[in-house]
2 protein chains.
Amino acid sequence: MSTLYQDLSALLPDGQVSVAEQDLEVHSIDKWHASAPPQVVVFARSTEDVEKVMKYANEHEVPVYTRGAGVGYVGGCVPVQGGIALSVAKMDEILEINTGDGVAVVQPGVITGHVQAAAREKGWYYPPDPASLKECSIGGNIATNAGGPRCLKYGVTKQYILGVTVVTATGEVLKLGGRCHKNKTGFDLTTLMCGSEGMLGVVTEAILRIIPHPETRGMLGASFVDFSAAAAAVQAILDSGVLPSALEITDAFTLAAARDYLGEDALPPGDAYLMVEIDGKVDSVQKELASLQAFLKELGALRINEAPDEAACEEIWQLRRDFSYSLKHTGLTKLNEDVVVPRSKLVDLVNYARKLQEDTGIDVACFGHAGDGNIHTNLMVKDYSDPETKEKADNALDLLFNWVLDHGGAITGEHGVGLAKKRWIGKALGGPVMDAHCAIKAALDPKGILNPGKFLD
Amino acid sequence: MSTLYQDLSALLPDGQVSVAEQDLEVHSIDKWHASAPPQVVVFARSTEDVEKVMKYANEHEVPVYTRGAGVGYVGGCVPVQGGIALSVAKMDEILEINTGDGVAVVQPGVITGHVQAAAREKGWYYPPDPASLKECSIGGNIATNAGGPRCLKYGVTKQYILGVTVVTATGEVLKLGGRCHKNKTGFDLTTLMCGSEGMLGVVTEAILRIIPHPETRGMLGASFVDFSAAAAAVQAILDSGVLPSALEITDAFTLAAARDYLGEDALPPGDAYLMVEIDGKVDSVQKELASLQAFLKELGALRINEAPDEAACEEIWQLRRDFSYSLKHTGLTKLNEDVVVPRSKLVDLVNYARKLQEDTGIDVACFGHAGDGNIHTNLMVKDYSDPETKEKADNALDLLFNWVLDHGGAITGEHGVGLAKKRWIGKALGGPVMDAHCAIKAALDPKGILNPGKFLD
């Protein structure tokens, strides 16, 4: 037994520190391709637990890797320098759903979908909806400033975090923000914690903003002759004064995979597919859906499926999920890159994806959040653990990310940097901005113990 | 002529540095009650100008007070330690309104209302709407993270800042964020700059998010027997699944002043007034307005005015503005405090305001943004420059702010801390959070030259 294990065991209640092989293994990875075991796993149960761990770790300069549900896509919580895997997964209580104040108070290990469901039961709404919402947790959502389809209308995670309790690297407990919906008290450190990927503090409680739940939703699924036509429809819808609650686009490669998986008849003709969701009062949604349908026809839609209520919407969303399954069904590994481009460059991005496919021989499937330019660009490779395949894929990724940066885009819209995008963060930020990051990091974590080995190192 | 004037004149083009009495005077104040002259005024015209000024100021440890339109309410830009008043008011160009990307690129001196108008011309919308939007500038809005009535539905300034160019205290130029609508590249330093009150950097350009402009608006103005009834209606509207674009409440004191100013008949009977604005497609707004009207009747509204379109809405908004004029018409000075409480405490706040009035003999008028608990609590005093009156008023403010903090509220929702709320910031933040502020400030501004003498000192 290591000293680290013994020391932490002495600090914390029984059963909260583990060096069991299985625990170390589980806490070595997330959903990305990197793996590195921690020396110990700590299962925190309270802010006080985290405070003790951080004070100890800071004194002894032990790396600390905070972890929620462990379903990140970029290796963000992988303990690349060993030390402590600090799991907040067992801090999973919804402490309060308060519609009078319009807040949900939750622990970081709460599954995002559970918060949505609990708010919904009272007629209220927590909008951020990452695709993984049934398994990801609020703590991880805060760490990566998670997004999702409905963020087009409703905004990403940071727009719903009114306050957080954070334990700093030195073990100070900071109560940032609060339960007020507007708050200009000092700097916005609450938002600074959003998207800081476990490098500036450990979130142990969060006060989330919830809003009235729209009465209903309706949706249209429309196919177009090609991606350009669908992208033009995206802009035309927005120009018409409609801000849909979701606006998702799918390219020809993905549709071909879906036809292969679901059967030719399961999908309408055309090489692009657009999903438009609107929400609001029942009467309004009905009426607006009808006029939107007429508008899409004008814009050249080949076939349109209408989903007039929430149950019907689910079918179209299921199709969206089936696109993912279809890609998996190809037997290839999907390197899912959540790049973003300025919206006017949607077509350029997809054209570049085609060129990349031709140049590298690696299939590229594009689909995602058209309204905000956040298109998941999936490189489909045979076996990423095979060195030769990996090198070829990494070269293709270099080409893709450089193209994105050269066209005013962002290397990540909602997954975070982690290890997966460490290679491009220098170019993405530039020297002076990287220096500012390092200065802030050093100010809050002088010994660099929180999530070391990631994008600042 | 001072060395400072000579040095800066040598660095910058002719006519951009002034020690003219009138310039010093204008740059000594904002809309609050503090006054202190700078040694020189610099009128920046470009990022390069600001870079030169900051490099010089950092080398020579000269305080720099950035200033936009100078219409802040808290003395935020008042140069309390002399030095340089750095005006960006002449950097007032709208560089781009790009609906394809959904962005407006602007210089910091642009008047907020001009951005709204320019976006509107193309059918797009920049929602943040501080009451001063015809005279305040984007730079100041960013410095204070400005709000306004429509922030209930649409969010405050920070939710519309996609990127900023910032010159740091040491003269580094940081390009933060960009024109993508989602961006998880590194820490969210763009938002950190929002609300940093000129203490972390000088914003020289901003990329704003714009959204499709709703087709129309409609509004109801409803009077209630008392404030409790109106506050109950606020919660009932939200509980019914409606998120209005604005939801404003007015108390009995303000209504009495308005009756005095506008005439008894200009206002419906009742001791509270509620304004509800919704927006969307024409048909939807019509229909929802009708059902909202029926709902307000059920909730006990005494009389309801309906404004079915934008032009009619203007009349109700004019009434809202007239409430302010009515208070001015009393001949008293309005100490406008933009406190916030958790929404469930709206009635408690207004009851406390009544008690405060009884206890101190100072009239208190409450009105503001009911939906987010941001109620402007106005202490009406005879002459704030009279020491005796000032002491009495300051004691009353102490009572108010302590009550707000003791009830989970925030000392400022949208005006900022500046000098006006410096007295309560320590209690509001608490020691560890204040320490974190100071650490970040020192990291980005090691010599403490940006806006010294404000809430961190």
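Because the structure is predicted, anything quoted here is derived from the model rather than measured. (Residues numbered from 1 in each chain as written. Chains lettered and ligands numbered in written order. Predicted model: local features only at pLDDT ≥ 70, side-chain atom pairs only at ≥ 80, totals over all residues. Heavy atoms only, no water.)

Within chain A one finds 15 helices and 18 strands. Whereas a compact globule of 457 residues would reach a radius of gyration of roughly 23 Å, chain A reaches 23 Å, a difference of no more than 12%. For chain A, the C-alpha atoms occupy an extent of roughly 70 × 60 × 40 Å along the three principal directions. For chain A, contacts bridging at least 24 residues in sequence account for 71% of all contacts bridging at least 6. When the accessible area of chain A is evaluated, it comes to approximately 15,800 Å², of which 48% is carbon and sulfur surface. Charge-centre separation for chain A: the mean point of 41 positive side chains lies 3 Å from the mean point of 60 negative side chains. (Helix = DSSP H or I, 4+ residues; strand = E, 2+ residues; numbered from the N terminus. Rg over C-alpha atoms; globule rule 2.2 N^0.38 Å. Contact = heavy atoms within 4.5 Å. Areas by Shrake-Rupley, 256 points an atom, 1.4 Å probe, with all protein chains shown as cover. Lys, Arg positive; Asp, Glu negative; His and termini not counted. Charge placed at Lys NZ, Arg CZ, Asp CG, Glu CD.)

In a regular helix each residue adds 1.5 Å, so 14 residues correspond to 20 Å; helix H15 (residues 431-444) of chain B covers 20 Å between its end C-alpha atoms and thus fits that length. Among the residues making up H15 of chain B, those that are buried are Val-433, Met-434, Ala-436, His-437, Ile-440, Lys-441 and Leu-444 of chain B. Buried residues of H15 of chain B, viewed axially, fall in a sector of 155°; they line one side. On its buried face, H15 of chain B is in contact with strand S9 (173-177), helix H7 (189-193) and helix H15 (431-444) of chain A together with helix H7 (189-193) and helix H14 (422-429) of chain B. (Expected span 1.5 Å × (residues − 1). Buried < 20%, exposed > 50% of the residue type's maximum accessible area, 1.4 Å probe, protein only. Arc of directions from axis to C-beta.)

With that settled, consider the relation of the copies chain B and chain A. Each copy of the sequence occupies a distinct position, and chain B is placed on chain A by a rotation of 180° and an axial shift of 0.0 Å, giving an RMSD of 0.0 Å. Taken together, the turn and the small shift mark the pair as related by a two-fold rotation axis. Proximity to the rotation axis, assessed at the C-alpha, singles out Ser-284 of chain B in chain B; its C-alpha lies 2.5 Å from the axis. Most of the interface of chain B is mirrored in chain A, where 100% of its interface residues again form contacts. (Least-squares fit on C-alpha atoms with pLDDT ≥ 70 in both.)

Summarizing the sequence annotation, UniProt attributes the feature "domain: FAD-binding PCMH-type" (unreviewed entry) to residues 33-213 of chain A in the numbering used throughout. Between the C-alpha atoms that bound residues 33-213 of chain A there is a distance of 38 Å. The span itself is 22% helix and 25% strand. (UniProt positions renumbered as here; feature names shortened; annotations may be inferred.)

Now for the environment of Lys-184 of chain A. Take Lys-184 of chain A: it is sitting in the loop between S9 and H7. Judged by relative accessible area, which is 2%, Lys-184 of chain A ranks as buried. Residues in contact with Lys-184 of chain A, not counting those within four places in the same chain, are Thr-144, Asn-145, Gly-195, Glu-197, Thr-412, Gly-413, Glu-414, Gly-416 and Val-417 of chain B. Only 2.9 Å separates the side chain of Lys-184 of chain A from the backbone oxygen of Gly-186 of chain A, close enough to count as a polar contact. (Polar contact = N/O pair within 3.5 Å; in protein donor to acceptor, adjacent residues only side chain to side chain.)

It is worth spelling out the pairing of strand S4 (residues 84-87) of chain A at this point. Regular strands show a simple pattern: their side chains alternate between the two faces of the sheet. All names here are of chain A. Neither face of S4 is open: one carries Ile-84 and Leu-86, the other Ala-85 and Ser-87, and all of them are buried. As judged from the four bridges shared by strand S2 (residues 40-43) and S4, these two strands associate in the parallel manner. Bridge assignment links Val-42 to a residue of S4, and that residue is Leu-86. Here strand S3 (residues 64-67) pairs with S4 via four bridges, running parallel. What sits directly across from Val-64, in S4, is Ile-84. (Pairing = 2+ DSSP bridges.)

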